[in-house]
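# Chain and residue survey
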Amino acid sequence: KMSKFDRDPSIPHLFSSDNRDFRGSGWSRGHMAPAGNNKHSQAAMNQTFYLTNIVPQDLDNNGNYWNRLEIYCRELTKQYSDVYVISGPLWLPEMEENAENIQEAYSPIRWKHQNDDISEKGDRSSNEKPKKGGWKPPPKKFVKYQVLGKSNVAVPTHLFKVILVEDPSLERPMLGAFVVPNKPIQNVRLREFEVDLEEIEKYVGVRFHQDLDRSQVASLCLDTGCKLNDYREFQDFFWNRSMSNPWNMHQLERDWKTICERGLKTEKLEQLYLTKRQEFLDRQKAKEDEKVEVKVAGVEAITTTLKQPVVQGSGDTQSVESSATKSEQPAVQLAAAA
């Protein structure tokens, strides 16, 4: 609870991002090594809040799907003795808009659930002579991403997580690799984002678990099912927590609109929304009443001051109002004379 987002003291300022880069950006500060995994030590918890452990992450993704994935990893530690988790950002290419010749062979990344029989059509290295007008060049691919603040903090297009599980009760280690888009994700199975580990290594430029004999590794999803927390139950928990402590009326109304659009409305959430909305309205009315009271008090104070007696040079005591009336008389007489 005492931890705050801050620069990593081991990184020179020239190469470091800053909290100001994130302000007003619309992106959350997403942990790669989760803070929830480091509650055993305040020092360890503080280190997870260094900006070297933070990437710009979609707000909904951060608190929702990615959060469920982190909880799944923590549940694995309750079942197995050793769980190794590696997380990080990715910047994957996109196809050009309105691309017509899209094939899996040109896809930026190969998902495990896709058909492994990739068509070779369109491959210039093929010895087969294409029919006239039958060959088209592959679509262009681009790496596009937003940058934040003066430090130009790069917003990743995707996030990856590599999970290795070992335990004496297992015949062989279990391995799972996942690539998750950095955007809102609803009720999607984790297996939909499963990839071969080499797919991640290709883009990161690092070989993970080099001492691991990959021919003797079991699939994490085949053995455990890779089931995240129940979608509806987690949504109820997530939105109940979010609406219990809204920053302002705007956030409350935005959250309620999202809940209704996603079909997550429940009687409990609706009652919480109405209660919090009324609290904001009551506070707003109290502030307006306080301003009116201050304004009235100020007017009364000015009126009282104007009615206070003033001392004329002759020693006579007259009210400000009578003094002002007399001061106007010469002007009236002159006007009449004119």
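Read on for an overview of the structure.

### Details of the sheet that holds strand β8 (residues 158–166)
Strand pairing in a sheet relies on backbone hydrogen bonds. The paired strands run either parallel or antiparallel. On the basis of which strands lie adjacent, the open sheet formed by four strands has the order β3-β8-β9-β10 and mixed pairing. Each edge of the open sheet is held by one strand with a lone partner, namely β3 (82–90) and β10 (218–219). Relative to the sheet, helix α4 (residues 65–79) contacts β3, β8 and β9 (174–181), its axis offset from that of β8 by approximately 10°. The strands that helix α5 (residues 197–204) touches are β3, β8 and β9; relative to β9, the one it contacts most, it runs at about 55°.

### Remarks on α5
Residues Leu 197, Glu 199, Ile 200 and Glu 201 constitute the buried set of α5. Looking one or two places after α5, you find Gly 205, whose phi comes out positive at around 80°.

### What to know about the state of the cysteines
Throughout this description, disulfide means a covalent bond between two cysteine sulfur atoms. Going through the model one piece at a time under the given rule, you end up with one disulfide. In this model Cys 221 forms its disulfide with Cys 226; the gap between the sulfur atoms is 2.1 Å. One quick way to see it: the torsion about the S-S bond of Cys 221 and Cys 226 is about -95°, and its sign makes the bridge left-handed. By relative accessible area, which is 2% here, Cys 221 ends up buried.

### Some thoughts on helix α7 (residues 231–244)
Taking 1.5 Å per residue as the helical rise, α7 with its 14 residues ought to reach 20 Å, and the 20 Å between its terminal C-alpha atoms agrees with that figure. For α7, the complete set of buried residues consists of Tyr 231, Phe 234, Gln 235, Phe 238, Trp 239, Ser 242 and Met 243. The buried side chains of α7 occupy one side of the element, clustering within an arc of 150° when seen end-on. Near the N-terminus of α7, the side chain that reaches the backbone nitrogen of Arg 232, with its oxygen 3.2 Å away, is that of Asp 230.

### Topic: the layout of surface pockets
Volume-wise, the largest pocket comes out at about 1300 Å³. Around the largest pocket, the lining is made up of 35 residues, and of these Leu 59, Asn 62, Gly 63, Phe 238 and Arg 241 lie nearest the centre. If you tally residues by element for the lining of the largest pocket, the top one is α7, at five residues. Within the lining of the largest pocket, the residues separate by chemical class into 13 nonpolar, twelve polar and ten charged.

### Let's talk about the nonpolar core
Buried together is how nonpolar side chains tend to be arranged in soluble globular proteins. Counting 39 residues, the largest nonpolar core has Tyr 72, Ile 163, Val 179, Leu 190, Ile 200 and Leu 220 as the members making the most contacts within it. For this core, the secondary-structure elements that each account for two or more residues are α4, β8, β9, α5 and α6 (220–224). Setting aside chain neighbours within four positions, we find Ile 200 in contact with Phe 160, Val 162, Ala 177, Phe 178, Val 179, Val 195 and Phe 208. Ranked by size, the runner-up nonpolar core spans 14 residues in total, among them Tyr 231, Leu 252, Trp 256 and Leu 269.

### Re the side chain of Glu 70
The residue Glu 70 is located in helix α4 in this model. Despite being buried, Glu 70 has no salt bridge partner; Lys 161 is the closest side chain of opposite charge, sitting 4.9 Å away. Once you skip the residues sitting within four places of it in the chain, Glu 70 turns out to touch His 31, Pro 34 and Lys 161.

### Examining the environment of Asp 236
With respect to the helices and strands, Asp 236 occurs in helix α7. Distance from Asp 236 to Leu 269, taken between C-alpha atoms, is 7.9 Å for residues 33 residues apart in sequence. Asp 236 has contacts with Thr 266 and Leu 269, leaving out every residue within four places of it along the chain.

Cut-offs and rules
Residues numbered from 1 in each chain as written. Predicted model: local features only at pLDDT ≥ 70, side-chain atom pairs only at ≥ 80, totals over all residues. Heavy atoms only, no water. Pairing = 2+ DSSP bridges. Helix = DSSP H or I, 4+ residues; strand = E, 2+ residues; numbered from the N terminus. Contact = heavy atoms within 4.5 Å. Axes fitted to C-alpha atoms, helices over the stretch in contact; angles between N-to-C directions. Buried < 20%, exposed > 50% of the residue type's maximum accessible area, 1.4 Å probe, protein only. Disulfide = S-S within 2.5 Å. Expected span 1.5 Å × (residues − 1). Arc of directions from axis to C-beta. Polar contact = N/O pair within 3.5 Å; in protein donor to acceptor, adjacent residues only side chain to side chain. 1 Å grid on protein atoms, 1.4 Å probe; cavity = no way out; pocket = protein on both sides within 12 Å on 5 of 7 lines; lining within 4 Å. Points joined across faces, edges and corners; volume = space filled by probe spheres on them. Nonpolar A, V, L, I, M, F, W, Y, C, P; charged D, E, K, R; others polar. Core = buried A, V, L, I, M, F, W, Y, C linked by side-chain atoms within 4.5 Å. Lys, Arg positive; Asp, Glu negative; His and termini not counted. Salt bridge = Lys/Arg side-chain N within 4 Å of Asp/Glu carboxyl O.

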